[in-house]
Amino acid sequence: MIRALHIANFRSLGGDVSVDFSARAPHLVVLAGANGAGKSNTLDAFRFLRNAAAPRGLTAAVQQRGGMQALLRHGTSRAHFVVEAVFGEDWIVWGLELGPWGVDDFAVWDEALFTNPVEVRDEIHERARQSLHAEGDERVLEFPKALVQALAGRAQHEAHTLRLRVGPDVAESRRHELSVTALRRADPSSPESRLCALLDSLAVYSLAPDMLRSPQLRSAEPLLTDHADNWMSVLLRMPPDDRAELLAGLGALVPDLVELRVEPAGDHLVAIFEHGDVQGAYPVPANRESDGTLRTAVMLTALLQDPPPSLIAIEEPELAVHVRAMSVLRDYILPRAMTTPVLLSTHSGDLLDLLPVDSVRVVDRAGGQTSVRGLSARQRGLVDDGVFTLGQLLLAQPLEGDARG
Amino acid sequence: MGRFYVVVEGQGEELAVPNLLHRLSADMGREDAMWMVVGRRNAMKQRSAVEAQCEDLRRRGDCDGALLLQDDEDGCPRVDGPRIAAWVAEQRLPFPVAITLLYREYETLFLACLSTLAGKALTDPYGRQLHPIDPAARFDGDPQRHRDAKGVLNQFFPAKHPYRPTTHQLALTRALDLEALRASALPCFGTLERALRFVFATRDGGVYPPTER
């Protein structure tokens, strides 16, 4: 299970941005912050790593974001990523450093994979934090880099913990590739295979109703894609029990909905929502269904996937959904987060009021840098003491991140 | 016929609570009592929210009595109940108002008589069949001690069909055995029944629980 992603200098993100899922369920993180604060960039970091892990994917992932200079935060020269995953007692950490190469090229400047017992995690984190506050040359500005250095220091004594270390002096042919994907083995339990499987199935959903209205080509892609352009195929394969769960949730929003089915139309598929009234059921094809019903149907499909992705991230789930139906979303988000990490971004105070306060992270942008932090102790106290609900607080004043990080 | 209003917390309770109140009212000989949800608030521990709710009830002009039903999760109903009641009393409403704080949440009622709900057929608010609670489900111990009653209930549902308040609260409320709930001696259920008796027995303004003077 993914435990954390640490990011530095990717798009607007500062040197110490972490999305850290609790070891205890629910494994839920909710990003809240103003427009332009960097919520979408934080979500895009997950999508970037998934794209990069595909065969020859790194170059495409960089190009899709406008090239290396556009990918880097203004004034910086390296982007850093560290993925932490925990499988039982094993703590797997993969670090990636990217930067420009020559005038308009880029290179993997560092890539490392470590395996350690999970019990050393806190100690290594502490050591990495110390180097952020060190004096002079010892000081490291980016937390992901500090974490890799702390792990490399441990690896000098515990040599078996280092699985991979690749720098910029590798052969030119490898400069645009992730080495961890090349090390993927037939044994699915190897750290490399586990990490790659995790990266492959990071799901980050940005759902626009118009994308869901048109007939869709049949797709064998097992997971629902980022924009749900294979939603009808996923729905078609969904076991009847899961489909019943989906219908129960949709039914709470749209009480006259009696069935949701998928019909072939040539080599395309069409979703049909069957509504009922006193005269019987009548079909409503997806192109005539409401925005909120379509988006909710897809979000519930995403949350009910079995097997689930390694992460389910949904950008602004509240869009087009009636404010009084937020509790239906909550009822599908929380059970999924008991076993699968779920990451949301939201502007909805009504949704925030239904989710655990501990899951909320404040996304803020100051001095051109995005930070992601827990709620400040002062604002947390206001919520705990019942002075404001989190939603009321969101309206009353800007959310404040905890200065301690 | 009496027209009574109730303020609840969540969407599931919006459907479930009227069912529970109609049944309890009938047990008290008030089959004529019509219970309607007047609002969903999760901020009733704030004075301003309570005052706004009271004003809304007053302006309706047809209220014979009202109940504010809220979860008290980590609070203390013996302290919180009288405090909210005092805020309500200051509004001098011309009809009785009772405050009932469920300690710790609505699902605590289900835990208190879980064995009588186990295996019962359940349907969602729209008539669709739901998976029943594991027929072997039992809960021994004090339901009020558990902070996460929803989580405990969830253990007795199939993993792929978890407990979801919006679909299960009404279904389980319909299946509630009220005698078993009374026999469980769950304090907040006792408070709820006393609150209803107060609302039915009081002709003019008055607040339950009594406020300290």
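Criteria and thresholds
Per chain, the residues get numbers from 1 upward, laid out in the order the sequence is written. Labels are handed out in written order, letters beginning with A for the chains and numbers beginning with 1 for the ligands. With pLDDT at 70 or above as the cut-off, local features in this predicted model cover only qualifying residues; side-chain atom pairs require 80 or more to be listed or tallied, and sums for whole chains, interfaces and linings still use all residues. Where side-chain values are given, they derive from all heavy atoms of the structure, hydrogens and water being excluded. By definition, any uninterrupted DSSP run of H or I lasting at least four residues is a helix, any uninterrupted run of E lasting at least two residues is a strand, and each is numbered from the N terminus. With the radius of gyration taken over C-alpha atoms, the globule rule is written as 2.2 Å times the number of residues to the power 0.38. We call a residue buried when its accessible area falls under 20% of the maximum for its residue type, exposed when it is over 50%, and partly exposed in between, using a 1.4 Å probe and counting protein chains only. We call two residues in contact when some of their heavy atoms are within 4.5 Å. Only the protein chains shown count as covering a residue, and every accessible area follows the Shrake-Rupley method with a 1.4 Å probe. Two residue types count as positive, namely Lys and Arg, and two as negative, namely Asp and Glu; His and chain ends fall outside the count. One atom stands in for each charge, and that atom is NZ of Lys, CZ of Arg, CG of Asp or CD of Glu. Fitted lines through C-alpha atoms serve as axes, helices being fitted only where they are in contact, and the angles separating the N-to-C directions of these axes extend from 0 to 180 degrees. By the definition adopted for this analysis, an angle is roughly parallel if under 35 degrees, roughly antiparallel if over 145, roughly perpendicular if from 65 to 115, and oblique otherwise. The classification used treats Ala, Val, Leu, Ile, Met, Phe, Trp, Tyr, Cys and Pro as nonpolar, Asp, Glu, Lys and Arg as charged, and all other residues, Gly among them, as polar. By definition here, a helix of n residues has an expected span of 1.5 Å times n minus one. Paired rings are identified among Phe, Tyr and Trp, the last through its six-membered ring, by centres lying within 6.5 Å, and are further divided according to the angle between planes into stacked (under 30 degrees), edge-to-face (over 60) and tilted (the rest). The rule is short: NZ of Lys or CZ of Arg within 6 Å of the ring centre and within 35 degrees of the ring normal puts a charge over the ring. In these notes, a set of buried Ala, Val, Leu, Ile, Met, Phe, Trp, Tyr and Cys residues joined through side-chain atoms within 4.5 Å is what counts as a nonpolar core. Here, a strand pair is defined by DSSP locating no fewer than two bridges between the strands. Side-chain atoms alone can form a polar contact between residues adjacent in sequence; in general such a contact is a pair of N or O atoms within 3.5 Å, and within protein one must be able to donate a hydrogen while the other accepts it. When two parts are put together, the accessible area they lose, computed with a 1.4 Å probe and summed over both, is reported as buried area. Definition used for salt bridges: Asp or Glu carboxyl oxygen within 4 Å of a side-chain nitrogen of Lys or Arg.

### A look at the overall build of chain B
So, step 1. Tallying secondary structure elements over chain B gives nine helices and seven strands in all.
So, step 2. Here chain B has a C-alpha radius of gyration of 17 Å; the compact-globule value for 213 residues is 17 Å, and the two agree.
So, step 3. Projected onto the principal axes, the alpha-carbon positions of chain B cover approximately 50 × 35 × 30 Å.
So, step 4. Here chain B holds 213 residues, and the buried ones make up 54% of them.
So, step 5. Within chain B, counting contacts between residues at least 6 apart in sequence, those at least 24 apart form 77% of the total.
So, step 6. Of the roughly 9,300 Å² of accessible surface on chain B, 47% is carried by carbon and sulfur atoms.
So, step 7. Separation between the mean location of the 28 positive side-chain charges and that of the 29 negative ones in chain B comes to 1 Å.

### What to know about the packing of helix 1 (residues 11-27) of chain B against helix 7 (residues 165-175) of chain B
All names here are of chain B.
So, step 1. Running from N to C, helix 1 and helix 7 point in directions that differ by 10 degrees, and their axes come no closer than 7 Å. Relative to helix 7, the element helix 1 lies roughly parallel. Residue-level inspection shows Gln11, Gly12, Glu13, Leu15, Ala16, Asn19, Leu20 and Arg23 of helix 1 in contact with helix 7, the latter providing Pro165, Thr166, Gln169, Leu170, Thr173 and Arg174.
So, step 2. For the contact of helix 1 with helix 7, the class distribution of residues is five nonpolar, six polar and three charged.

### Here's the deal with helix 3 (residues 77-90) of chain B
Residue and element names in this part refer to chain B.
So, step 1. Its 14 residues place the ends of helix 3 20 Å apart at the C-alpha level, agreeing with the 20 Å of an ideal helix rising 1.5 Å per residue.
So, step 2. Every buried residue of helix 3 is accounted for by Asp80, Gly81, Pro82, Ile84, Ala85, Trp87 and Val88.
So, step 3. Of the surrounding elements, those touching the buried residues of helix 3 are helix 2 (47-60), strand 3 (65-71), strand 4 (96-102) and strand 7 (206-208).
So, step 4. Count one or two residues on from helix 3 and you reach Arg92, which has phi positive near 50 degrees.

### So, the packing of aromatic side chains
So, step 1. Applying the stated criterion across every chain, the model contains eleven aromatic pairs over all chains.
So, step 2. Consider the rings of Phe198 of chain B and Tyr208 of chain B, whose centres lie 5.7 Å apart with planes at 35 degrees: the pair is tilted. Separated by ten residues along the polypeptide, Phe198 of chain B in helix 9 (residues 187-201) and Tyr208 of chain B in strand 7 bring together distant segments of the chain.
So, step 3. Aromatic ring contacts, followed pair by pair, group Phe10, Phe48 and Phe81 of chain A into a single cluster.
So, step 4. Its end group placed over the ring of Tyr5 of chain B, Arg60 of chain B keeps NZ or CZ at 5.0 Å from the ring centre.
So, step 5. The lysine or arginine in question, Arg164 of chain B, covers the ring of Tyr332 of chain A, its NZ or CZ lying 3.6 Å from the ring centre.

### Digging into the nonpolar core
So, step 1. Grouped together as the largest cluster of nonpolar side chains are 58 residues, with contacts concentrated most on Leu28, Tyr205, Leu224, Trp231, Leu260, Phe273 and Leu344 of chain A.
So, step 2. The greatest single-element share of this core, amounting to eight residues, is contributed by helix 11 (residues 291-304) of chain A.

### Some details on the pairing of strand 14 (residues 342-346) of chain A
Residue and element names in this part refer to chain A.
So, step 1. Extensive coverage of strand 14 is indicated by the burial of five of its five residues.
So, step 2. Sheet topology places strand 3 (residues 28-32) next to strand 14; five bridges connect them, and they run parallel. Each bridged residue has a counterpart across the sheet, and for Val29 the counterpart in strand 14 is Leu343.
So, step 3. Where strand 13 (residues 311-315) and strand 14 come together, four bridges link them in parallel fashion. Each bridged residue has a counterpart across the sheet, and for Glu315 the counterpart in strand 14 is Ser345.

### Looking at the environment of Val362 of chain A
All names here are of chain A.
So, step 1. Relative to the elements of secondary structure, Val362 occurs in strand 15 (residues 360-366).
So, step 2. Each C-alpha atom of the pair Val362 and Arg330 lies 19 Å from the other, and the pair is 32 residues apart in sequence.
So, step 3. Those residues in contact with Val362, other than ones at most four positions away along the chain, are Ala32, Ser371, Val372, Arg373, Gly374, Leu375, Leu399, Glu400 and Gly401.

### Some remarks on the side chain of Asn51 of chain A
Residues and elements named next belong to chain A.
So, step 1. Note on placement: Asn51 falls in helix 1 (residues 39-53).
So, step 2. Residue Asn51 is classed as buried on the basis of its relative accessible area, which comes to 18%.
So, step 3. At a separation of 3.3 Å, a polar atom in the side chain of Asn51 contacts the side chain of Arg50.
So, step 4. Once residues lying within four places of it in the same chain are set aside, the contact partners of Asn51 are Gly57, Leu58, Ala61, Gln64 and Arg65.

### Remarks on the interface of chain A and chain B
So, step 1. Facing 27 residues of chain A, the contacting portion of chain B comprises 18 residues.
So, step 2. Summed over both partners, the interface of chain A with chain B buries about 1,900 Å², with 41% contributed by carbon and sulfur atoms.
So, step 3. Counting the surface chain A buries against chain B, the share from its top three residues, Glu245, Arg324 and Asp331 of chain A, is 28%.
So, step 4. Between the two partners, chain A and chain B, sit three salt bridges.
So, step 5. Taking the shortest distance from any N to any O, the salt bridge between Glu245 of chain A and Arg164 of chain B comes out at 2.7 Å.
So, step 6. Our enumeration of links across chain A and chain B arrives at eleven residue pairs in polar contact (both at pLDDT 80 or more).
So, step 7. Those elements giving two or more residues to the side of chain A that touches chain B turn out to be helix 10 (240-253), strand 10 (257-265) and helix 12 (326-337) of chain A.
So, step 8. With seven residues, helix 10 of chain A is the single largest residue contributor to the side of chain A that touches chain B.
So, step 9. Of the residues assigned to the side of chain A that touches chain B, the class counts are 14 nonpolar, five polar and eight charged.

### Concerning the pattern of salt bridges
All names here are of chain A.
So, step 1. A full pass over the atoms with the stated rule returns 40 salt bridges over all chains.
So, step 2. Across the salt bridge formed by Glu97 and Arg78, the nearest N and O atoms sit 3.2 Å from each other. Of this pair, Glu97 sits in strand 5 (residues 90-101) while Arg78 sits in the loop between helix 3 (68-71) and strand 4 (79-87), and the two are 19 residues apart along the sequence.
So, step 3. On the accessibility criterion, Glu97 (12% relative accessible area) is buried.
So, step 4. When its relative accessible area of 22% is taken as the criterion, Arg78 is described as partly exposed.
So, step 5. Two residues, Asp291 and Arg213, come together in a salt bridge whose shortest N-O distance is 2.7 Å. With a gap of 78 residues between them, Asp291 in helix 11 and Arg213 in helix 8 (residues 209-213) connect regions that are remote in the sequence.
So, step 6. Bridged by salt links that share partners, the residues Arg11, Asp44, Arg47, Arg50, Arg65 and Asp226 form one connected network.

### A closer look at the sheet that holds strand 16 (residues 369-374) of chain A
All names here are of chain A.
So, step 1. What the six strands build is an open sheet, ordered 8-13-14-3-15-16; its pairing is mixed. Of all the strands in the sheet, the pair left with one neighbour each is strand 8 (202-205) and strand 16. For this sheet the average axis-to-axis angle between neighbouring strands, irrespective of direction, equals 20 degrees.

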